[in-house]
Amino acid sequence: MSKLVLKSDETVGKSGDLYIRSVRFSPDGKLLATGAEDRQIRIWDIAKKRIRNVFVGHTQEIYSLDFSLDGRFIISGSGDKTARIWDMHDESCKVLTINDTDSLNNDAGVTSVAIAPNGQLVAAGSLDSIVRVWDVGTGHLLERLRGHRDSVYSVAFTPDGR
């Protein structure tokens, strides 16, 4: 039998809208990550019914989230043209920035992110129709995959990471 649990962040003001644009369960199902228009990522401990972490750093709304297979990292994509790798253990952050001079337009906000099953690569789809792939360890941009005629709203790796 399914169980529905309602959770809310009491620190958020009651006035105005706060759209949640992305949610993602951790691989073990114990945590839920939410990304919102307020540019914050909240990590909810489901069993304790409370917020475990709040990650702050994006300068625009968050569109996409993904957990690494081991649950150590959460990847976020934002309208601020960055994907960020957040470490759940020490709360550090690695910023992957889109700063291509040859981008098709000036709006390269990150609409979708995925981390490879082995945790070594991050892919990001963006409004400028390019999929970019970074090395997680070094933060270096490895590939710009072109060919889409419009924005890219979803990216994924195959289960074997190829």
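Every value quoted in this text rests on a predicted model; they were computed, and no experiment measured them.

(A) Inspection of unusual backbone geometry at higher detail. Here the phi dihedral of Lys49 falls at roughly 55°; this positive angle occurs in a residue that is not glycine. Residue placement: Lys49 occurs in the loop between strand E3 (40–45) and strand E4 (50–56). Residue class for Lys49 comes out exposed when judged on its relative accessible area of 53%. Even without glycine at this site, Ser129 takes up a positive phi of about 75°. Within the element layout of this structure, Ser129 appears in the loop between strand E10 (121–126) and strand E11 (131–135). The buried category is assigned to Ser129, whose relative accessible area is 6%.

(B) Region of the structure containing the nonpolar core. One finds Ile75, Ile85, Leu96, Val113 and Val122 to be the most contacted residues of the largest nonpolar core, which totals 13 residues. Here this core gets 3 residues from one element, more than from any other, and that element is strand E9 (residues 110–115). The contacts of Leu96, once residues within four sequence positions are left out, are Lys81, Thr82, Ala83, Ile85, Val122, Trp134 and Gly139. Residues Leu31, Ile62, Leu65 and Trp86 belong to the second largest nonpolar core, which totals 11 residues.

(C) Seen up close, the environment of Cys93. As for its placement among the helices and strands, Cys93 is situated in strand E8 (residues 93–97). Take Cys93: its relative accessible area is 34%, and that puts it in the partly exposed class. Put simply, Cys93 and Val56 are 37 residues apart on the chain and 9.6 Å apart in space, counted from C-alpha to C-alpha. When neighbours within four sequence positions are excluded, Cys93 is seen to be in contact with Arg84, Ile85 and Trp86.

(D) Up close: the pairing of E11. In terms of burial, E11 is a largely internal element, 4 of the 5 residues being buried. Linkage of E10 to E11, two consecutive antiparallel strands, is achieved through a turn of 4 residues, within which Ser129 is found at a positive phi near 75°. As paired elements, E11 and strand E12 (residues 141–145) share 4 bridges and run antiparallel to each other. Bridging across to E12, Val133 finds its partner in Glu143. Counting the residues between successive antiparallel strands, the hairpin from E11 to E12 contains 5 residues, one of them, Gly139, with a positive phi of roughly 80°.

(E) Examining the sheet that holds E11 more closely. Judged by pairing direction, the sheet is antiparallel, and its 4 strands sit side by side in the order E9-E10-E11-E12 without closing on themselves. If you trace the sheet from one side to the other, it starts and ends with E9 and E12, each paired once. Within this sheet the neighbouring strands show an average axis-to-axis angle of 20°, counted without direction. The pairing of E10 with E11 spans 5 bridges and is antiparallel. Counterpart to Gly125 in the pairing with E11 is Val131.

(F) Examining the sheet that holds strand E2 (residues 31–36) more closely. With antiparallel pairing, the 4 strands of this open sheet are ordered in space as E1-E2-E3-E4. Two strands lie at the open edges of the sheet, namely strand E1 (20–25) and E4, each paired on one side alone. On average, each strand axis in the sheet is inclined to that of its neighbour by 20°, with strand direction left out of account. Bridge analysis of E1 against E2 gives 5 bridges, and the strand direction is antiparallel. Residue pairing in the sheet places Ile20 in a bridge with Ala36 of E2.

(G) Here's a closer look at the side chain of Asn53. Note that Asn53 resides in strand E4. Residue class for Asn53 comes out buried when judged on its relative accessible area of 5%. Reaching out from Asn53, the side chain makes a polar contact with the side chain of Arg52 at a distance of 3.0 Å. Beyond its immediate chain neighbours, meaning those up to four positions away, Asn53 contacts Ile41, Arg42, Ile43, Met88 and Glu91.

Definitions and limits used
Residues numbered from 1 in each chain as written. Predicted model: local features only at pLDDT ≥ 70, side-chain atom pairs only at ≥ 80, totals over all residues. Heavy atoms only, no water. Helix = DSSP H or I, 4+ residues; strand = E, 2+ residues; numbered from the N terminus. Buried < 20%, exposed > 50% of the residue type's maximum accessible area, 1.4 Å probe, protein only. Core = buried A, V, L, I, M, F, W, Y, C linked by side-chain atoms within 4.5 Å. Contact = heavy atoms within 4.5 Å. Pairing = 2+ DSSP bridges. Axes fitted to C-alpha atoms, helices over the stretch in contact; angles between N-to-C directions. Polar contact = N/O pair within 3.5 Å; in protein donor to acceptor, adjacent residues only side chain to side chain.

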